[in-house]
Amino acid sequence: MGKFRGWHIVAGIAAMVLTGILGTAMGLNNTAAFMSSCVAFVAVAMWMDGRITRRRREESALDGARDPALDPTLDPGAAVDSDASKRER
């Protein structure tokens, strides 16, 4: 996907064009075809943006899990003990 951050807009425009063509072919007047195209644009753009965001979050979580040096919350010197907080009291 690269650095381009407008894929959700491109998908929305494609849905808008397709819906406009289908609406005209179904015999809708221009106003109805345009309104349905706008609804399709918003729906597809929001859906695509959510999918892209979810994918990027998963990729960044996997990258952080693979390399603990990149995760500042991990302390490599700390012992992994589930009861450590109870013992420190």
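Above this text you will find the structure in question.
**Quick look at the overall build of the chain**
Argument step 1. Looking only at helices and strands, one finds three helices and zero strands in the chain.
Argument step 2. For the chain, the N- to C-terminal ordering of α and β elements is α-α-α.
Argument step 3. Across the 89 residues that make up the chain, the buried fraction comes to 13%.
Argument step 4. Counting only contacts in the chain whose residues sit at least 6 apart along the sequence, the fraction spanning at least 24 positions is 57%.
Argument step 5. For the chain, the accessible surface area stands at approximately 7300 Å², while carbon and sulfur atoms represent 63% of it.

**Description of the packing of aromatic side chains**
Argument step 1. Under the counting rule described, the total for this entry stands at one aromatic pair.
Argument step 2. Between Phe-4 and Trp-7 the ring centres are 5.1 Å apart and the planes differ by 85 degrees, which places this aromatic pair in the edge-to-face class.

**A closer look at a nonpolar patch on the surface**
Argument step 1. Together, Ile-9, Ile-13, Val-17 and Ile-21 make up a nonpolar patch on the protein surface, roughly 340 Å² of accessible area in all.
Argument step 2. By relative accessible area, which is 44% here, Ile-13 ends up partly exposed.

**What to know about the pattern of salt bridges**
Argument step 1. Applying the stated rule across the entire model yields one salt bridge.
Argument step 2. Between Arg-55 and Glu-59 there is a salt bridge; the shortest N-O distance is 3.4 Å. A residue pair is termed a helical-turn pair when its members lie 3 or 4 positions apart in one helix, as Arg-55 and Glu-59 do in helix α2 (residues 30–66) at four residues.
Argument step 3. For Arg-55, a relative accessible area of 45% translates into the label partly exposed.

What counts and how
- Residues numbered from 1 in each chain as written.
- Predicted model: local features only at pLDDT ≥ 70, side-chain atom pairs only at ≥ 80, totals over all residues.
- Heavy atoms only, no water.
- Helix = DSSP H or I, 4+ residues; strand = E, 2+ residues; numbered from the N terminus.
- Buried < 20%, exposed > 50% of the residue type's maximum accessible area, 1.4 Å probe, protein only.
- Contact = heavy atoms within 4.5 Å.
- Areas by Shrake-Rupley, 256 points an atom, 1.4 Å probe, with all protein chains shown as cover.
- Phe/Tyr/Trp six-rings, centres within 6.5 Å; stacked < 30°, edge-to-face > 60°.
- Patch = residues over 30% accessible without salt bridge, like charges linked within 9 Å, V, L, I, M, F, W, Y side chains within 5 Å.
- Salt bridge = Lys/Arg side-chain N within 4 Å of Asp/Glu carboxyl O.

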